[in-house]
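So you can see what is in the structure, the chains are spelled out below.
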Amino acid sequence: MELRHLRYFVAVAEAGSLTVAARRLHTSQPSLSRQIRDLESEIGVQLLGRSARGIELTAAGRAFLDHARAVLSQAQAAAEAARRVAHPAKPCFAMGFLTGHELTWMPEALQILHKELPNVDVMISSQYSPQLADGLSKGKIDAAFLRREQGVPDLAFHLLVKEPLVVILPNDHHLATLKAISPRDLAGETFVTVSDTAPVLRRVIDNYLKRSGVNITPAHEADHLAMGMSLIASTHGVGLLPAYAQNFIPSSVTSRPLKGEVPTVELVLGYRKSNQSPVLKLLLSRLDELVARVSKKARKR
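Asker: Explain the pairing of strand β9 (residues 238-242) to me, please; I cannot follow it from the model alone.
Answerer: One face of the sheet, then the other: side chains in a regular strand alternate in exactly this way. The buried fraction of β9 is high, at five of five residues. Alternating residues of β9 divide into Val 238, Leu 240 and Pro 242 and Gly 239 and Leu 241, and every residue in both groups is buried. Pairing analysis gives four bridges linking strand β6 (residues 155-170) to β9, with the strands arranged antiparallel. In the sheet register, Val 167 faces β9, and the bridge partner there is Leu 240. Here strand β7 (residues 191-194) pairs with β9 via two bridges, running parallel. In the sheet register, Val 192 faces β9, and the bridge partner there is Gly 239.

Structural data, given as structure tokens:
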């Protein structure tokens, strides 16, 4: 088993499609399929299910995904640590991204900082929002794109965008025939919600359903996007997720807007108030430009 096997598996799991993953990895689909088969042969279990609805994680695949991400993260951290030792005079600037948002925000953030990049060693990580907040508090991360976490008074947050929630459901679900879905339409459906790995988003979802007068007991909780999509597809259920999740839906799943007053969840830039990094100050001074860049790019899609 090699690191590339793990990278390929994570890419397919997050994309929900061999075609999309192969494009992102700049490789051919047959080659990617062969690497996944080699990985499954090495482990001795099936990680991905292939059906008419697309690529879905098996139960074993869902268990393997978090560990694969952890191994890749540790490998990246080891390489970065070695580089820091080899070049001790070069200052480090660590940026963290809520998983899934690095695709949108990282390229634009690096473009804004491009004049400083030759002078600093930039570290990038992708984690859950509470982990990012903890990394900021401990000084392990300089700036993070995350949720407005509670209980961290040493951190400051700047609003970037308010992301509307959308309904995620299978293509052949009876609610998919609607142009927009009301919260009452969700009553009686198999509901997939987020786990405590995303406490801010969970509160937004729970409060929205409570305000709408809808009594829903979640049937399943998902730790991350790939798991949520897989559960929705396999249980023929429905879920509420921020609009950015539409960038990762597999071919078997679709989305619909909500009717009426649509709930939103904030994406913010967080940092420790005592952090005096000049790179951080540059990033903060150009936040309006950063938001404008991302907004303009989104409109072109």
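Asker: Help me out: how do you make sense of helix α3 (residues 29-43) in this one?
Answerer: Every α-helix winds through 3.6 residues per turn, so residues three or four apart in the chain are directed the same way. Its 15 residues give α3 an end-to-end C-alpha distance of 21 Å, which sits within 8% of 21 Å, the value for a rise of 1.5 Å per residue. Along α3, the positions that sit buried rather than exposed are Ser 31, Leu 32, Ser 33, Gln 35, Ile 36, Leu 39 and Glu 40. With a side-chain oxygen lying 3.3 Å from the backbone nitrogen of Ser 31, the N-terminal cap of α3 falls on Ser 28.

Asker: What's the story with the environment of Gln 246 in this structure? I'm lost.
Answerer: Within the secondary structure, Gln 246 is located in the loop between β9 and β10 (253-256). Here Gln 246 falls in the partly exposed class, since its relative accessible area comes to 33%. For Gln 246 and Val 166, which are 80 residues apart along the polypeptide, the C-alpha to C-alpha distance reads 8.7 Å. When neighbours within four sequence positions are excluded, Gln 246 is seen to be in contact with Val 166 and Ser 255. Here the side chain of Gln 246 touches Ser 255 through a polar contact of 2.6 Å, side chain to side chain.

Calculation notes
Residues numbered from 1 in each chain as written. Predicted model: local features only at pLDDT ≥ 70, side-chain atom pairs only at ≥ 80, totals over all residues. Heavy atoms only, no water. Buried < 20%, exposed > 50% of the residue type's maximum accessible area, 1.4 Å probe, protein only. Helix = DSSP H or I, 4+ residues; strand = E, 2+ residues; numbered from the N terminus. Pairing = 2+ DSSP bridges. Expected span 1.5 Å × (residues − 1). Polar contact = N/O pair within 3.5 Å; in protein donor to acceptor, adjacent residues only side chain to side chain. Contact = heavy atoms within 4.5 Å.

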